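# Secondary and tertiary structure notes
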Amino acid sequence: LNDAVQKGGKAYIQLTGSRTPYKPLVAAGGGARVVILGPGRDSAQPAIIQGLDVSAGASVTLRGVQVVVPGMSGIAVKCGPSGTVYLREVFIKDSTEGVNADCTRFWMESSRVQLAARNGINILGNTIYRIVNSVVMYSGGVAAAHGVSLGGSSNGYFAFNTISGNSRGVTCAAGQRLSDSV
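Residues numbered from 1 in each chain as written. Predicted model: local features only at pLDDT ≥ 70, side-chain atom pairs only at ≥ 80, totals over all residues. Heavy atoms only, no water.

What follows is about the sheet that holds strand E8 (residues 75-79). Read from one edge of the open sheet, 7 strands run E2-E5-E8-E11-E14-E17-E20, paired in parallel fashion. If you trace the sheet from one side to the other, it starts and ends with strand E2 (25-28) and strand E20 (168-172), each paired once. For this sheet the average axis-to-axis angle between neighbouring strands, irrespective of direction, equals 10°. Across 3 bridges, strand E5 (residues 52-55) lies against E8 in parallel orientation. Each residue of the ladder has a partner; that of Val54, found in E8, is Cys79. (Pairing = 2+ DSSP bridges. Helix = DSSP H or I, 4+ residues; strand = E, 2+ residues; numbered from the N terminus. Axes fitted to C-alpha atoms, helices over the stretch in contact; angles between N-to-C directions.)

Structure below.
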């Protein structure tokens, strides 16, 4: 998967479901832009990626895949400086932190974050975010206890989400817009 993104210059990559997960995807620099499509997040045979790390001008869209970190040993989706991540119909589970975004833009729609040892979603810095129609559950721990943390001077739209069964619910810096969520 990394070779296809880094060297192939492909705009779209279709993944098939498999019992063998795909290695973590790292997209950094060079203006890499790719859309990765899976068979569906709830597919009987899902496409599983062992992590996503996007930064330095790269843009990655995931749709219909699962992101699972082996042994809960890292961040499932990391959006770093100048990176852009779009998630649609993605299931993120079993990680130290589900999403860590300190980047240009982070969008998540119709997705689910589950079983993160720390925050389910952690938005930092000046990130412009859109989190809509998604679920964050069974996440948070002693060090970072929230299902969702909207911090820094980030700004965006958080609406129609379900935050349930976490150590704590949502924490946010002043000026964040939260709407129609439970």
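This brings us to the side chain of Gln114. Inspection of the secondary structure puts Gln114 in strand E13 (residues 112-116). When near neighbours in sequence (up to four residues on either side) are disregarded, Gln114 contacts Phe91, Ile92, Lys93, Asp94, Met137, Tyr138 and Ser139. (Contact = heavy atoms within 4.5 Å.)

The next point concerns the pattern of salt bridges. All chains considered together, the criterion is met by 4 salt bridges. Among the salt bridges present, the one from Asp42 reaches Arg112, with a minimum N-O distance of 3.1 Å. Of this pair, Asp42 sits in the loop between strand E3 (33-37) and strand E4 (48-49) while Arg112 sits in strand E13, and the two are 70 residues apart along the sequence. A salt bridge links Arg88 to Glu109; the nearest nitrogen and oxygen atoms lie 3.0 Å apart. Residue Arg88 is located in strand E9 (residues 84-88), and its partner Glu109 is located in strand E12 (residues 105-109); the two are separated by 21 residues in the primary sequence. For Glu109, a relative accessible area of 19% gives the class buried. (Salt bridge = Lys/Arg side-chain N within 4 Å of Asp/Glu carboxyl O. Buried < 20%, exposed > 50% of the residue type's maximum accessible area, 1.4 Å probe, protein only.)

What follows concerns the environment of Ala145. Looking at the element boundaries, Ala145 is found in the loop between strand E16 (135-137) and strand E17 (146-150). A relative accessible area of 11% means that Ala145 is categorised as buried. For the pair Ala145 and Val77, spaced 68 residues apart in the sequence, the C-alpha separation amounts to 18 Å. When residues no more than four places from it in sequence are discounted, the contact partners of Ala145 are Asn119, Ser139, Gly140, Ser167 and Arg168.

In protein structure, a disulfide is the covalent linkage between the sulfur atoms of two cysteines. The tally for this structure, following the rule as stated, stands at 1 disulfide. Two residues share a disulfide in this structure: Cys79 and Cys103, whose sulfurs sit 2.3 Å from each other. A torsion of 105° about the S-S bond marks the disulfide between Cys79 and Cys103 as right-handed. Taken as a pair, Cys79 in strand E8 and Cys103 in the loop between strand E11 (97-101) and E12 lie far apart in primary sequence, 24 residues in all. With respect to class, Cys79 is no different from Cys103; both count as buried. In this structure Cys172 is not part of a disulfide, and its nearest cysteine sulfur, from Cys103, lies 18 Å away. (Disulfide = S-S within 2.5 Å.)

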